[in-house]
Amino acid sequence: MSMRNEHDLPWLKDTLAALRDESRGHAIILHGGAGSGQFELALRAAQAWLCESAPGPCDRCTSCHLAVAHSHPDLKVVLPEALQQSLKWFSDGDGDADGGDGDSKSKRKPSREIRVEQVRQAIDWAHTSSGRGQGKVLVLFPADAMNTVSANALLKTLEEPAAGMRLLLCVDDPEKLLPTIRSRCQRVRLTAPSMETSLAWLKQQGHADAHILLAAAGGEPLAAAQLAAQGLNAAMWASLPAQMVQGDLRVWAAMAVPDALRAMQLICHDVMALTAGAEPRFFPADALEAGPDWQALIDWQRALVRTSRHADHPWQAPLLIEALAGQGRAALLGHTSSSKAKSPRIGTLRA
Ligand SMILES: [Zn+2]
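Please read all numbers here as calculations on a predicted model, not as lab measurements.

Describing the overall build of the chain
Reasoning step 1: Scanning the chain from terminus to terminus reveals 16 helices and five strands.
Reasoning step 2: Within the chain, residue pairs in contact and separated by at least 24 positions form 67% of the contacts whose partners lie at least 6 positions apart.
Reasoning step 3: Approximately 17300 Å² of the chain is accessible, and the part contributed by carbon and sulfur atoms is 50%.

Below, the structure written as structure tokens:
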């Protein structure tokens, strides 16, 4: 598998240079740009630090070849199990049997967390001697996938780092990390490229109606390309609000619960913006109408936020989507009197 790099995603170049700056500390939080190539950038920075021909990455030395092949002995990338599978990312020592740190169930789904066992393995690895003499690099992606136990295990390494060790913690929002972790790291931010750059890149990748996809992805070009890869097109996206108002949930029912929740939150955001006299951000303006009842929109927004905190739970998806879409429909049409629509009894919908 070959990952994209700063030659494919030229907006990464400045931030890569900032990460390469030798005066930086040993622990860095790389934040922002989750849908603009954050993971790709983290891997390139790691490759640059390990490159044997400064300023790297040169893409020619042995270290660079090993890094690209995921077999560099001094580079460890720690991902949640679920992400390892979706990225098809495996390297030595990953994907072995259950770590047995308490979350194993008989038929457990791949974990969305970075488990404490993974962090402990990484720390043990960091304290063995460096294979190629350029130090070691540990990348955690996303770092907020560490639960409190995992984060506390990592904290010791931040306090007493192994010699020549660099840590790169990737996260969308640094506030999602423990304050004790944040205070021991420097921060480097990746910002999404400009709209012009993003649109040009998406068109170059062959995406029609790139501006609608880009808006749907909150302005992040790789996220937009991924929406398209999941089968979303501009016409489908633009039709979601109207379908909700019509009570036609076929497209909605086919979406994964987290995707459907996100889309509803974006509709709610945009209708609120429109109602307040501002521009919608995620949907074309002609796909929406102002909401007639502000309070109904606020109630819907609250229900969506409440539910999305538990989006990984085994919901009975069709019932959940139906309830929330029903509330959304009522809010968009201004039917607030029905207490049934106003407050879907989420508690009864768990599988
Ligand atoms: Zn190199």
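Right, picking up where we left off after that structure.
Looking at the coordination of the zinc ion
Reasoning step 1: The protein atoms that coordinate the zinc ion are C51 (SG), C58 (SG), C61 (SG) and C64 (SG), at distances spanning 2.3 to 2.4 Å.
Reasoning step 2: Here the zinc ion binds four donor atoms, and the angle range of 102 to 116 degrees at the metal identifies the geometry as tetrahedral.
Reasoning step 3: As a motif over one chain, the donors of the zinc ion read C-x6-C-x2-C-x2-C.

Quick notes on the packing of aromatic side chains
What describes a pair of aromatic rings is the distance from one ring centre to the other and the angle between the planes of the rings.
Reasoning step 1: On inspection of all chains with the given rule, the structure shows four aromatic pairs.
Reasoning step 2: When the ring of W11 is compared with that of W201, the centres are 5.7 Å apart and the planes differ by 85 degrees; the resulting orientation is edge-to-face. You can see W11 sitting in the segment before α1 (13-20) and its partner W201 sitting in helix α8 (residues 195-204), a full 190 residues away along the chain. There is no split in this pair, since W11 and W201 are both buried.
Reasoning step 3: With a centroid separation of 4.4 Å and an interplanar angle of 5 degrees, the aromatic rings of W237 and F283 are classed as stacked. Residue W237 is found in helix α11 (residues 234-246), and its partner F283 is found in the loop between α13 (257-275) and α14 (294-308); the two are separated by 46 residues along the sequence. With respect to class, W237 is no different from F283; both count as buried.
Reasoning step 4: Every member of this aromatic cluster is reached through a ring pair, and the members are F39, W89 and F141.
Reasoning step 5: Its guanidinium or amino end placed over the ring of W125, K136 lies 4.4 Å from that ring's centre, counting from NZ or CZ.

Re the confidence of the model for the chain
Reasoning step 1: On average, the chain scores 87 in pLDDT, and the residues at 70 or more come to 89%.
Reasoning step 2: When mean pLDDT is taken per element in the chain, strand β1 (residues 27-31) scores highest with 97 and helix α16 (residues 339-342) scores lowest with 41.
Reasoning step 3: Counting contacts from residues 95-106, a segment whose pLDDT is below 50, to residues more than four positions away or on other chains yields 14 contacts.
Reasoning step 4: Every residue in residues 337-351 scores below 50 in pLDDT, and together they form 24 contacts with partners more than four places removed in sequence or on other chains.

Focus: the nonpolar core
Reasoning step 1: One finds L168, W252, I267 and W300 to be the most contacted residues of the largest nonpolar core, which totals 72 residues.
Reasoning step 2: Residue contributions to this core peak at ten residues, all from α13.
Reasoning step 3: Formed jointly, this core draws a minimum of three residues from each of two domains, domain 1 (10-189) and domain 2 (233-349).
Reasoning step 4: Membership of the second largest hydrophobic core comes to 28 residues, among which are V116, A145, A162 and L167.

With respect to unusual backbone geometry
Reasoning step 1: In this chain, G56 is followed by P57 through a cis amide linkage whose omega measures -5 degrees.
Reasoning step 2: Assignment of secondary structure puts P57 in the loop between α2 (38-50) and α3 (62-68).
Reasoning step 3: Positive phi is not limited to glycine here, since D209 has a value of about 50 degrees.
Reasoning step 4: Structurally, D209 is set in the loop between α8 and α9 (210-216).
Reasoning step 5: You can call D209 partly exposed: its relative accessible area is 42%.

Parameters at a glance
- Residues numbered from 1 in each chain as written.
- Predicted model: local features only at pLDDT ≥ 70, side-chain atom pairs only at ≥ 80, totals over all residues.
- Heavy atoms only, no water.
- Helix = DSSP H or I, 4+ residues; strand = E, 2+ residues; numbered from the N terminus.
- Contact = heavy atoms within 4.5 Å.
- Areas by Shrake-Rupley, 256 points an atom, 1.4 Å probe, with all protein chains shown as cover.
- Donors = N, O, S within 2.8 Å, 3.2 Å for Na, K, Ca; no water.
- Tetrahedral: all angles 85-135°; square planar, octahedral: opposite > 155°, others 65-115°.
- Phe/Tyr/Trp six-rings, centres within 6.5 Å; stacked < 30°, edge-to-face > 60°.
- Buried < 20%, exposed > 50% of the residue type's maximum accessible area, 1.4 Å probe, protein only.
- Lys NZ or Arg CZ within 6 Å of the ring centre and 35° of its normal.
- pLDDT = per-residue confidence, 0-100.
- Core = buried A, V, L, I, M, F, W, Y, C linked by side-chain atoms within 4.5 Å.
- Domains from an automatic or database assignment.

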